[in-house]
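Tertiary structure, described
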Amino acid sequence: MKNIALVGFMGTGKSTIAALLSKKLQVGYVDLDRKIEEKEGMRIVDIFSQKGEPYFRKVEKDIVAKIFRRENKIIACGGGVVLDDENVESIKKSGFMICLEATPEVILKRTKSYKHRPLLNVGDPELKIYELLKKRKPYYAKADYTVDTSGLSTHEVVSVILSWLEGKT
Ligand code: S3P
């Protein structure tokens with residue numbers, strides 16, 4: 001099976017949906033952020049504060065290159081993976097790149113009680129969400145398929161994705 005990579009902004013449900021898809025399709029599931037934390041022996045938030053975002057992006061890129069060399073996996077990507085063209089190329093070469101999206105209001109609601117996302121640990125997370133979404137729009141638009149998760153349950157998102165995949169195989 002080709003890889004199924006889930007990309008999209010923070011709080012769009014990539015990890016949850018990847019785990020559910022993995023169960024449904026009976027294939028392994030990888031969370032890139034967890035891989036980065038394992039490799040570095042640190043939490044993402046500490047990598048950002050102690051080593052900086054460019055260092056994080058470099059580690060992220062190394063992990064993407066390694067993970068996407070193989071097929072047969074569901075992969076939940078961090079929200080910024082698509083900012084690097086070579087990352088997008090590796091993802092698309094190995095399978096499908098599916099983007100999960102949600103409205104800024106839903107993203108704010110889903111992310112506001114968690115502090116593990118360094119980019120949103122700012123005075124005005126709502127403004128930051130708007131700014132980042134605007135900047136990243138063209139990058140997320142490179143996906144093969146996009147699902148707006150705003151009004152959907154996790155099970156609905158999974159079935160929308162499975163229906164789309166059926167048409168592809
Ligand atoms: C990031 C998203 C995070 C994590 C890091 C940077 C981003 O992953 O990789 O904090 O640039 O959007 P999630 O999208 O899984 O929260």
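Residues numbered from 1 in each chain as written. Predicted model: local features only at pLDDT ≥ 70, side-chain atom pairs only at ≥ 80, totals over all residues. Heavy atoms only, no water.

**Digging into the site of the ligand**
Quick note on the threshold: Summary of the distance rule: residues count as near a molecule or strand when at least one heavy atom falls within 4 Å of that molecule or strand. Two N or O atoms count as a polar contact when they lie within 3.5 Å, although within protein this holds only if one can serve as hydrogen donor and the other as acceptor, and sequence-adjacent residues are included solely when both atoms are side-chain atoms. Calculation of accessible area relied on Shrake-Rupley with a 1.4 Å probe; when residues are assessed, cover is drawn exclusively from the protein chains displayed. Classification used: nonpolar for Ala, Val, Leu, Ile, Met, Phe, Trp, Tyr, Cys and Pro, charged for Asp, Glu, Lys and Arg, polar for all others including Gly.
In the vicinity of the ligand lie 13 residues, with Lys14, Asp33, Arg57, Arg117 and Arg136 positioned nearest. The contact in question runs from an oxygen atom of the ligand to an N or O atom on the backbone of glycine 79, over 2.9 Å. The fraction of the free accessible surface of the ligand (390 Å²) that becomes covered by protein chains is 94%. Residue composition of the shell around the ligand, by class: five nonpolar, three polar and five charged.

**Some words on the environment of isoleucine 107**
Note the threshold: By definition, any uninterrupted DSSP run of H or I lasting at least four residues is a helix, any uninterrupted run of E lasting at least two residues is a strand, and each is numbered from the N terminus. Contacts: residue pairs with any heavy atoms within 4.5 Å of one another.
Note that isoleucine 107 resides in helix H6 (residues 104-111). Note: C-alpha distance between isoleucine 107 and arginine 57 (50 residues apart in sequence) is 22 Å. Sequence-distant contacts of isoleucine 107, defined by excluding residues within four places in its chain, comprise Phe9, Met10, Thr12, Ala102, Ile129 and Leu133.

**What to know about the packing of H6 against helix H7 (residues 125-140)**
Our working rule: To obtain each axis, a line is fitted to C-alpha atoms, and for helices this fit is confined to the stretch in contact; angles are then taken between N-to-C directions over 0 to 180 degrees. Angles below 35 degrees are treated as roughly parallel, those above 145 as roughly antiparallel, those between 65 and 115 as roughly perpendicular, and all remaining angles as oblique. Take the far helix as your reference; a near helix turned counterclockwise from it by less than a right angle gives a left-handed crossing, and one turned clockwise gives a right-handed crossing.
For the pair H6 and H7, interaxial distance at closest approach is 10 Å and the crossing angle is 130 degrees. One way to sum up the angle between H6 and H7 is to call them oblique. The two elements H6 and H7 cross, and the hand of that crossing is right-handed. Where H6 abuts H7, its residues Pro104, Glu105, Ile107, Leu108 and Thr111 lie against Pro125, Glu126, Ile129, Tyr130 and Leu133. Residue composition of the contact of H6 with H7, grouped by class: seven nonpolar, one polar and two charged.

**What to know about the pattern of salt bridges**
Applied cut-off: Salt bridge, as used here, is a side-chain nitrogen of Lys or Arg placed within 4 Å of a carboxyl oxygen of Asp or Glu. Per-residue accessibility, obtained with a 1.4 Å probe over protein chains only, is compared with the maximum for each type, and a residue is labelled buried under 20%, exposed over 50%, and partly exposed between these values.
On inspection of all chains with the given rule, the structure shows twelve salt bridges. Between glutamate 37 and arginine 34 there is a salt bridge whose closest N-O contact spans 3.0 Å. In this pair, glutamate 37 and arginine 34 are both assigned in helix H2 (residues 32-40), three residues apart and thus about one turn of the helix distant. Arginine 34 sits in the partly exposed class, given a relative accessible area of 37%. Residues lysine 61 and aspartate 84 are paired through a salt bridge, measuring 3.0 Å at the closest nitrogen-oxygen approach. Pair noted here: lysine 61 is in helix H4 (residues 53-67) and aspartate 84 is in the loop between strand E3 (73-76) and helix H5 (85-94), with a separation of 23 residues, a long-range link.

**Brief notes about the nonpolar core**
Selection rule: For the purposes of this section, nonpolar cores are sets of buried Ala, Val, Leu, Ile, Met, Phe, Trp, Tyr and Cys residues that join through side-chain atoms within 4.5 Å.
Of all hydrophobic cores here, the largest spans 34 residues; its most connected members are Leu32, Phe68, Cys77 and Ile91. Elements with a minimum of two residues in this core: strand E1 (3-8), H2, helix H3 (44-51), H4, H5, strand E4 (95-101), H6 and H7. Phenylalanine 68 has contacts with Asn3, Ala5, Leu32, Ile75, Cys77, Ser90, Ile91 and Ser94, leaving out every residue within four places of it along the chain. Membership of the second largest hydrophobic core comes to 18 residues, among which are Leu6, Val27, Leu100 and Ile161.

**Details of the pairing of E1**
Operational definition: When DSSP finds at least two bridges between two strands, those strands are taken to pair.
When you tally the buried positions in E1, you get six out of six residues, the bulk of the element. A two-sided burial pattern is seen for E1, the buried positions comprising Asn3, Ala5 and Val7 on one face and Ile4, Leu6 and Gly8 on the other. Two strands pair when backbone bridges link them, and E1 and E4 are joined in this way by six bridges, in the parallel orientation. Across the sheet, alanine 5 pairs through a bridge with methionine 97, a residue of E4. Both E1 and E3 contribute to a ladder of three bridges, which runs parallel. Within E3, the residue paired with alanine 5 across the bridge is isoleucine 75.

**What to know about the packing of H2 against H4**
The contact between H2 and H4 brings their axes to 10 Å, and the two run at 110 degrees. Put simply, H2 runs roughly perpendicular to H4. H2 and H4 meet at a crossing whose hand is right-handed. Contacts between H2 and H4 involve Leu32, Asp33, Lys35, Ile36, Lys39 and Glu40 from the former and Tyr55, Phe56, Val59, Glu60, Ile63, Val64 and Ile67 from the latter. Classifying every residue of the contact of H2 with H4 gives eight nonpolar, no polar and five charged.

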